[in-house]
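Below, each chain spelled out in residue letters.
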Amino acid sequence: MSEPLIEVADQAGIVTLTINRPKALNALNGAVLSELDRLLDELQGREGLRAVLVTGAGEKAFVAGADIAEMRDKTPEQARRFARQALATFKRLEALPVPTVALVNGFCLGGGCELALACDWAVASDNAIFGQPEVLLGVIPGFGGTQRLPRRVGPAMALDLCTTGRKIDAAEALRIGLVNRVLAQDELPAYVAELTKQLGGNGPASVRGAKQAIHDGMDQDLESALALETSLFALCFAGDEQREGMSAFVEKRKPNF
Ligand code: CAA
């Protein structure tokens with residue numbers, strides 16, 4: 001049987017999706033994008049889902065971009081369809097109701113960087129290399145990079161990266177806010193274990209509420225976004241988690257969510 005294009009592992013509701021084309025440095029072709037879309041559709045309504053982690057197979061790359069060999073002969077219309085396919089899949093990832101984290105374990109270029117940007121946050125290994133090198137290939141980012149990158153790191157740094165095509169290391173990615181943490185490559189599994197423990201111990205409804213407030217609020221003016229926060233805060237008091245969390249504090253015990 002052939003290897004799956006994306007490996008799926010589930011550890012207590014923390015689902016890890018591993019893009020599995022190591023020979024092509026996990027480059028995103030149409031088949032990988034379709035498989036990712038199918039898996040995300042499945043995960044959308046999964047009971048007990050706590051978080052989704054995205055990473056790349058092998059020790060060299062997270063994802064080295066969209067598949068250049070597959071893109072080379074595309075017409076403008078085919079390129080438009082390819083970009084739309086990726087954008088719809090990345091939107092599905094972004095819209096998952098639980099935290100999503102990119103575990104960037106090596107080259108994270110072009111469409112790979114755009115995939116990482118569609119996750120809520122990113123953690124990088126210290127050998128990770130980031131960039132939007134599309135201009136070196138005669139194109140611009142097509143999987144959301146010109147829009148999500150400036151929203152993550154500011155327009156000046158996004159312009160620097162997208163117009164020079166220069167690559168940056170994990171330390172610079174951390175400094176500009178592209179990633180939240182940098183770890184040695186062999187520390188990534190321990191990070192997953194730590195995250196599993198942290199998120200596993202928190203109230204699932206409040207974790208989802210926090211994500212919803214931040215995501216939906218970012219698209220609104222401050223006043224509307226604060227009103228959204230108030231609604232979601234009040235909604236917490238309609239469920240069991242708030243009573244358990246606050247009772248546990250008062251009774252000096254651990255909450256049982
Ligand atoms: N697409 C297709 N194949 C790729 C690829 C990509 N993006 N990146 C790497 N590969 C393949 C290589 O062709 C090579 O295949 P073969 O062994 O069959 O020759 C294999 O992966 C290993 O790559 P290298 O031999 O090049 O490895 P290296 O260590 O010498 O270099 C690298 C690593 C610097 C990442 C180099 O592979 C590279 O520059 N890759 C392309 C990076 C890039 O330009 N990404 C942006 C793509 S465009 C895009 O993503 C557009 C968009 O926004 C939608």
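What counts and how
Residues numbered from 1 in each chain as written. Predicted model: local features only at pLDDT ≥ 70, side-chain atom pairs only at ≥ 80, totals over all residues. Heavy atoms only, no water. UniProt positions renumbered as here; feature names shortened; annotations may be inferred. Patch = residues over 30% accessible without salt bridge, like charges linked within 9 Å, V, L, I, M, F, W, Y side chains within 5 Å. Areas by Shrake-Rupley, 256 points an atom, 1.4 Å probe, with all protein chains shown as cover. Salt bridge = Lys/Arg side-chain N within 4 Å of Asp/Glu carboxyl O. Helix = DSSP H or I, 4+ residues; strand = E, 2+ residues; numbered from the N terminus. pLDDT = per-residue confidence, 0-100. Pairing = 2+ DSSP bridges. Axes fitted to C-alpha atoms, helices over the stretch in contact; angles between N-to-C directions.

- Going by the annotation in an unreviewed UniProt entry, the name recorded for the protein is Crotonase, with Bisbaumannia pacifica given as the source organism.
- The record in UniProt for the protein states the following under Sequence similarities (unreviewed entry): "Belongs to the enoyl-CoA hydratase/isomerase family."

**So, a nonpolar patch on the surface**
Then, in step 1: Together, Ile68, Val135, Leu136, Leu137 and Val139 make up a nonpolar patch on the protein surface, roughly 440 Å² of accessible area in all.
Then, in step 2: Structurally, the position occupied by Ile68 is in helix α2 (residues 68-71).

**Let's talk about the confidence of the model for the protein**
Then, in step 1: Within the protein, residue pLDDT values average 97, and 100% of them lie at 70 or more.
Then, in step 2: With a pTM of 0.97, the predicted complex shows an ipTM of 0.99.

**With respect to the sheet that holds strand β2 (residues 14-19)**
Each strand in a sheet pairs with another by means of backbone hydrogen bonds, the pair being arranged parallel or else antiparallel.
Then, in step 1: Ordered by their spatial adjacency, six strands build an open sheet running β1-β2-β3-β5-β7-β10, and the pairing between neighbours is mixed. Here the strands that pair on one side only, and so sit at the sheet edges, are β1 (6-11) and β10 (181-183). In this sheet, neighbouring strand axes are inclined to one another by 20° on average, regardless of whether the strands run parallel or antiparallel.
Then, in step 2: Pairing of β2 with strand β3 (residues 51-56) involves six bridges; the strand directions are parallel. Within β3, the position partnered with Ile14 by the bridge is Ala51.

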